[in-house]
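The lines below spell out each chain.
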Amino acid sequence: MTTGQPTRHRPRSRATRILLILAAVVSAVAVLAVAVVAVLLLRPPGPRPIFQMPVACGETWQLGTYPGHDDFDVDLFPTEGESWGRPVLASYAGRVTVAGINGSLGGRTPEDPDGPRGRGGGYWVKIDHGGKWETQYLHLLEPPLVRVGQRVEQGEQIGRVGSTGNSGAPHLHYEQRQGWQKVEAYFDGEPSGITHDDTEYTVNRTSNNCGTETSR
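A. Local environment of the layout of surface pockets. Empty space within the largest pocket amounts to approximately 390 Å³. As for the largest pocket, its lining consists of 26 residues, of which Y66, H69, D75, H139 and H173 are closest to the centre. In terms of residue count, the dominant contributor to the lining of the largest pocket is strand β1 (residues 60–65) (four residues).

This is the structure in structure tokens:
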């Protein structure tokens, strides 16, 4: 039955109003964050840095791949001397985004080279070089010599060659990425020749990672 009296609404409490305002602010921030991420993802990569081989200046290493290795993945083995413990150097200046363990380490060491394999990349490092360019370094012997967030220069040592993770022998597994997609690795401005993994392929290259850097 209608009484003819107007309906009275209880005013919202101060706490309720504050919660509503906070919810609106959080929603706006979330929308802005999504927009910023979208812009970053859509931005084209910058010019290719002049990456150098991730090994000591003047050393000659064999670059190779094999069926099942995955496109553009490069395995590096020295053409002279022992692989275990050789310095792994940053290909170009940048900021470390990962320095830790990928998968599991396994048990292959210089003292027990035929120990059990691990999984994945073992000890590894990722470096962001800006302009959506990135390099990755896998199967390191021991914990990386750098930490996440650290700025490194071209030629700076970031680890040592090992056989952690899913590795059959001591070597460095190396990748270059453009816009987070793997691409053919270039060294000193020249293509490595390591592209598809449909056949076994090797090539010898001499490192020019001698402490200077440019971009083109």
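Structure's up, so let's keep going.
B. Representation of the nonpolar core in the model. Of all hydrophobic cores here, the largest spans 28 residues; its most connected members are L63, L76, V125, I127, Y137 and I158. With near-sequence residues (within four places) excluded, I158 lies in contact with V88, L89, A90, V125, I127, Y137, P144, L145 and V146.

C. Highlighting unusual backbone geometry. Positive phi values are uncommon outside glycine, yet H139 reaches one of about 70°. As for its placement among the helices and strands, H139 is situated in strand β6 (residues 133–140). Although it is not a glycine, D188 adopts a positive phi angle of roughly 55°. With respect to the helices and strands, the residue D188 is situated in the loop between β11 (186–187) and β12 (190–191).

D. Examining the state of the cysteines more closely. Inspection of the entire model under this criterion finds one disulfide. What pairs with C57 in a disulfide is C210, and their sulfur atoms sit 1.9 Å apart. Taking the sign of the S-S torsion, 70° for the link of C57 and C210, the bridge is right-handed. Taken together, the residues span a long stretch of sequence, with C57 in the loop between α1 (14–42) and β1 and C210 in the segment after β13 (201–206) at a distance of 153 residues. On the basis of relative accessible area, C57 is assigned to the partly exposed category, the value being 43%. Exposure remark for C210: the relative accessible area of 39% places this residue in the partly exposed category.

E. Geometry of the packing of aromatic side chains. The full count for this structure, using the stated rule, is four aromatic pairs. Where F51 meets Y92, the ring centres are 6.0 Å apart and the plane angle is 75°; that geometry is what we call edge-to-face. Residue F51 is located in the loop between α1 and β1, and its partner Y92 is located in the loop between β3 (87–89) and β4 (94–104); the two are separated by 41 residues in the primary sequence. Given the relative accessible area of 1%, F51 is considered buried. Overall, Y92 belongs to the buried group, its relative accessible area being 11%.

F. View of the pattern of salt bridges. Taken as a whole and judged by the stated rule, the model has seven salt bridges. Its salt-bridge partner being E153, residue R151 comes within 3.5 Å of it at the nearest N-O pair. What makes R151 partly exposed here is its relative accessible area of 44%. By relative accessible area, E153 is classed as partly exposed at 38%. Notably, a salt bridge pairs R177 with E175, separated by 2.9 Å at the nearest N-O pair. Here R177 and E175 have matching classes, each one buried.

The rules behind each value
Residues numbered from 1 in each chain as written. Predicted model: local features only at pLDDT ≥ 70, side-chain atom pairs only at ≥ 80, totals over all residues. Heavy atoms only, no water. 1 Å grid on protein atoms, 1.4 Å probe; cavity = no way out; pocket = protein on both sides within 12 Å on 5 of 7 lines; lining within 4 Å. Points joined across faces, edges and corners; volume = space filled by probe spheres on them. Helix = DSSP H or I, 4+ residues; strand = E, 2+ residues; numbered from the N terminus. Core = buried A, V, L, I, M, F, W, Y, C linked by side-chain atoms within 4.5 Å. Buried < 20%, exposed > 50% of the residue type's maximum accessible area, 1.4 Å probe, protein only. Contact = heavy atoms within 4.5 Å. Disulfide = S-S within 2.5 Å. Phe/Tyr/Trp six-rings, centres within 6.5 Å; stacked < 30°, edge-to-face > 60°. Salt bridge = Lys/Arg side-chain N within 4 Å of Asp/Glu carboxyl O.

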